[in-house]
Amino acid sequence: MKNKLMLGVTVLLIAGIVAISGCTSSSENNTSPVNVTDITVESSGYGSYDVLGTITPSKDIDYLSIALKWYDASGNVIEKSSLAWNINDAKAGEPIKFDAISFIPEGSSPAKVDLLVFDSVWSGTDESDAIYKTTINL
C-alpha cells in the first residue's frame, strides 16, 4: 500500500513539473512553416481583386490554400473568400508564385485585407487553424 502511494505521488510530482516547466508542445511557440513575401494587391476591375506574392514552404506540405478577408475603412467585413488560391505538393525551399482572387461586392471599397494560409482542405473558415496570417493595408 505504501509503495502504491509513493508511486502515485511521484507520478503526480513529475506531471506537475512538466506542466509548470512548459515542456509540453504549444502551437503558439511554433514558427510558421511558410514564408510569404512580395505581397501586392491589384484591382482587376469589375470588383475583382488579385492578391499576388510568393510563398515558400520550409518543409514539404501536401496542400496549401489562401483565404482572404476584406475590410472597409470602418473595419467592417465586406467579403470573405475561403478558397482564393490553392496548390498541392508544395516542396520545402521551393518558391511558389500565387494569385489569390476575390470579388468585392459592388459599391464596397476595401481598405485592408487579411491573408491567411492553411495546410488542410476547407479550413479557410476557421482562422485559428491558419499557419500564417498577415494584414495588408490598401
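The shown structure was predicted, so the numbers you read here are calculated from the model rather than taken from an experiment. (Residues numbered from 1 in each chain as written. Predicted model: local features only at pLDDT ≥ 70, side-chain atom pairs only at ≥ 80, totals over all residues. Heavy atoms only, no water.)

## Observations regarding the pattern of salt bridges
- Evaluation of the coordinates by the stated rule reveals three salt bridges.
- With its nearest N and O atoms 2.8 Å apart, the salt bridge here joins Glu127 to Lys69. Placement of Glu127 in the loop between β6 (112-118) and β7 (132-137) and of Lys69 in strand β3 (residues 61-71) is noted, with a sequence separation of 58 residues between them.
- The exposure class assigned to Glu127 is partly exposed, which follows from its relative accessible area of 28%.
- Lys133 is paired through a salt bridge with Glu127; the nearest N and O atoms lie 3.3 Å apart.
- Through salt bridges that share partners, Lys69, Asp114, Glu127 and Lys133 make up one connected network. (Salt bridge = Lys/Arg side-chain N within 4 Å of Asp/Glu carboxyl O. Helix = DSSP H or I, 4+ residues; strand = E, 2+ residues; numbered from the N terminus. Buried < 20%, exposed > 50% of the residue type's maximum accessible area, 1.4 Å probe, protein only.)

## A look at the sheet that holds strand β1 (residues 34-45)
- Taken together, the three strands give an open sheet; going across it, the order is β1-β2-β5, and neighbouring strands pair in antiparallel fashion. Two strands in the sheet have a free side with no partner beyond their single neighbour: β1 and β5 (96-103). Taking the axes of each pair of neighbouring strands and ignoring which way they run, one obtains an average angle of 20° across the sheet.
- Looking at chain direction, strand β2 (residues 48-57) and β5 are connected through eight bridges and run antiparallel. Across the sheet, Val51 pairs through a bridge with Ala100, a residue of β5. (Pairing = 2+ DSSP bridges. Axes fitted to C-alpha atoms, helices over the stretch in contact; angles between N-to-C directions.)

## Description of the pairing of strand β4 (residues 77-90)
- Taken together, the nine bridges between β3 and β4 define a ladder with antiparallel strand orientation. Its bridge partner being in β4, Tyr63 is matched across the sheet by Asn88.
- From the end of β3 to the start of β4, which pair antiparallel, there are five residues, and Gly75 there has a positive phi angle of about 90°.

## Observations concerning the nonpolar core
- Formed by 24 residues in total, the largest nonpolar core has its most connected members in Val34, Ile55, Leu64, Leu68, Phe98, Leu115 and Val117.
- At the level of secondary structure, the elements contributing two or more residues to this core comprise β1, β2, β3, β4, β5, β6 and β7.
- With residues near it in sequence (within four places) discarded, Phe98 still touches Val36, Val51, Leu52, Gly53, Thr54, Ile55, Ile66, Trp85 and Leu115. (Core = buried A, V, L, I, M, F, W, Y, C linked by side-chain atoms within 4.5 Å. Contact = heavy atoms within 4.5 Å.)

## Considerations on the confidence of the model for the protein chain
- Overall, the predicted model of the protein chain reaches an average pLDDT of 84, with 78% of residues at or above 70.
- The low-confidence segment residues 4-29, where pLDDT is below 50, has two contacts with residues more than four positions distant or belonging to other chains. (pLDDT = per-residue confidence, 0-100.)

## Quick notes on a nonpolar patch on the surface
- There is a patch of nonpolar side chains on the surface, built from Leu83, Val121 and Trp122 and spanning about 360 Å² of accessible area.
- Here Leu83 lies in strand β4. (Patch = residues over 30% accessible without salt bridge, like charges linked within 9 Å, V, L, I, M, F, W, Y side chains within 5 Å. Areas by Shrake-Rupley, 256 points an atom, 1.4 Å probe, with all protein chains shown as cover.)

## Some words on the environment of Ser32
- Relative to the elements of secondary structure, Ser32 occurs in the loop between α1 (2-21) and β1.
- Considering only alpha carbons, one finds Ser32 and Ile131, 99 residues apart in sequence, at a separation of 5.8 Å.
- For Ser32, the residues in contact, after removing those within four places along its chain, are Ser58, Ile131 and Tyr132.
- A distance of 3.1 Å separates the side chain of Ser32 from the backbone oxygen of Val34, its partner in a polar contact.
- One polar contact links the side chain of Ser32 to the main-chain carbonyl oxygen of Ile131, over a distance of 2.8 Å. (Polar contact = N/O pair within 3.5 Å; in protein donor to acceptor, adjacent residues only side chain to side chain.)

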